[in-house]
Amino acid sequence: MTTAFTVSWNDRFGNIYADQPLAQLSWFTGAPGIQLIERVIDGRLRAGQRLIDLGSGPGVDAVFLSLQGLDVTGVDISPDAVRRARSWAELAGASAEFVEGDVLDVPLPDSSADVVNDSFVFHNMRDEAREPFAAEVHRLLKPGGTFLLNSFSDHMVEGTGPRRITSAEILETFTADRFECVGLRTYRNIPTQKKPDQIHWIGEFRARP
């Protein structure tokens with residue numbers, strides 16, 4: 001079976017949420033994704049929608065969306081991330097659910113989501129895992145459902161962390177036989193101390209029947 005990530009990646013991210021303060025993680029801001037906030041404001045993400053958040057980590061995006069009235073399940077390979085996300089949801093009074101699972105074999109039914117959100121998973125993947133990931137996203141979505149992709153871009157400043165992804169790599173993966181590309185563009189994300197100039201992709205794709 002294809003694994004989504006390298007052994008070293010799994011070893012690192014399988015344990016990093018165990019007891020390390022979240023503030024020490026280079027990617028953690030404590031704020032939901034700005035592209036998700038924008039979509040809540042303009043109504044593209046709205047109460048009653050069923051959303052699956054892949055790579056949900058400590059649950060910041062999932063809890064925010066749950067509090068906006070969406071029916072949210074977060075999925076993460078790390079049991080410690082799932083534990084922290086459940087604690088975050090309880091503290092916030094959110095109804096979001098969290099399950100431990102591989103993004104290539106998500107333990108949720110076919111055609112069960114109006115929206116699938118990629119919480120910065122794709123750019124960490126092995127090349128050979130990309131096509132199975134696209135197939136799994138398509139399996140989870142209802143026909144006409146929306147896939148939101150957040151990813152490091154090749155416009156990102158040099159430095160540590162995930163590799164940079166080109167638009168061609170994204171479009172080659174989320175192909176026309178499964179998805180219609182609604183839009184793909186770069187945006188400037190919330191800066192962190194270690195990554196002050198974060199240029200990411202936001203992609204929106206519609207699942208074909």
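Up top you'll find the structure we're talking about.
In this convention, every chain numbers its residues from 1, walking through the sequence in written order. Confidence filtering applies because this is a predicted model: local features only for residues at pLDDT of at least 70, side-chain atom pairs given and counted only at 80 or more, and all residues used for totals across whole chains, interfaces and linings. Note that water and hydrogens are dropped before the side-chain values are worked out from all heavy atoms of the structure.

With respect to the overall build of the protein
Phase 1 of the analysis: Only runs of H or I of at least four residues qualify as helices and only runs of E of at least two qualify as strands under DSSP, and these elements are numbered from the N terminus. A tally of helices and strands in the protein yields six helices and seven strands.
Phase 2 of the analysis: Tracing the protein from N to C terminus, the helices and strands come up as α-α-β-α-β-α-β-β-α-β-α-β-β.
Phase 3 of the analysis: By definition, residues are in contact when any of their heavy atoms lie within 4.5 Å. The contacts of the protein with a sequence gap of at least 6 include a subset with a gap of at least 24, amounting to 72%.

So, the nonpolar core
Phase 1 of the analysis: Nonpolar core, defined: a set of buried Ala, Val, Leu, Ile, Met, Phe, Trp, Tyr and Cys residues in which side-chain atoms within 4.5 Å join the residues together. Exposed residues in this analysis have more than 50% of their type's maximum accessible area, buried residues have under 20%, and partly exposed residues fall in between, with area computed by a 1.4 Å probe over protein chains only. If you look at the biggest cluster of nonpolar residues, it comprises 27 residues, and the most contacted ones within it are Leu54, Val116, Phe133, Phe147, Phe174 and Phe179.
Phase 2 of the analysis: Every element with two or more residues in this core is listed here: strand E1 (50–54), strand E4 (113–119), helix H5 (130–140), strand E5 (141–152) and strand E7 (199–207).
Phase 3 of the analysis: Examining the composition of this core, we find that four residues originate from one element, H5, more than from any other.
Phase 4 of the analysis: Apart from residues no more than four positions distant in its own chain, Leu54 is found in contact with Val75, Val103, Val106, Val116, Asn117, Asp118, Ser119, Val121, Phe133, Val137 and Leu140.
Phase 5 of the analysis: Residues Val40, Ala94, Ala96 and Val115 belong to the second largest nonpolar core, which totals 18 residues.

Observations regarding the pattern of salt bridges
Phase 1 of the analysis: Throughout this description, the term salt bridge denotes a Lys or Arg side-chain nitrogen within 4 Å of a carboxyl oxygen of Asp or Glu. In the structure shown here, the tally under the stated rule is 15 salt bridges.
Phase 2 of the analysis: The closest approach of N and O atoms between Glu38 and Arg185, which form a salt bridge, is 3.9 Å. One end of the pair, Glu38, is in helix H2 (residues 34–41); the other, Arg185, is in strand E6 (residues 179–188), and 147 residues separate them in sequence.
Phase 3 of the analysis: For Arg185, a relative accessible area of 38% corresponds to the partly exposed category.
Phase 4 of the analysis: Beyond isolated ion pairs, a larger network of salt bridges with shared partners links Glu38, Arg39, Asp42, Arg44, Arg185 and Glu204.

With respect to the packing of aromatic side chains
Phase 1 of the analysis: Think of it this way: a Phe, Tyr or Trp ring, Trp meaning its six-membered ring, pairs with another when their centres are within 6.5 Å, and the plane angle makes it stacked under 30 degrees, edge-to-face over 60, tilted otherwise. Summed over the entire model, instances satisfying the criterion amount to 10 aromatic pairs.
Phase 2 of the analysis: Ring plane angle 55° and centroid distance 5.4 Å describe the contact between Phe122 and Phe174, whose orientation is recorded as tilted. Here Phe174 lies in the loop between helix H6 (167–173) and E6 and Phe122 lies in the loop between E4 and H5, a separation of 52 residues in the sequence.
Phase 3 of the analysis: The buried category is assigned to Phe174, whose relative accessible area is 3%.
Phase 4 of the analysis: Considering the side-chain rings of Phe147 and Phe205, the 6.2 Å spacing of their centres and the 35° angle between planes classify their relative orientation as tilted. You can see Phe147 sitting in strand E5 and its partner Phe205 sitting in strand E7, a full 58 residues away along the chain.
Phase 5 of the analysis: By relative accessible area, which is 0% here, Phe205 ends up buried.
Phase 6 of the analysis: Through a chain of ring-to-ring contacts, the aromatic side chains of Phe122, Phe133, Phe147, Phe174, Phe179 and Phe205 assemble into a single cluster.

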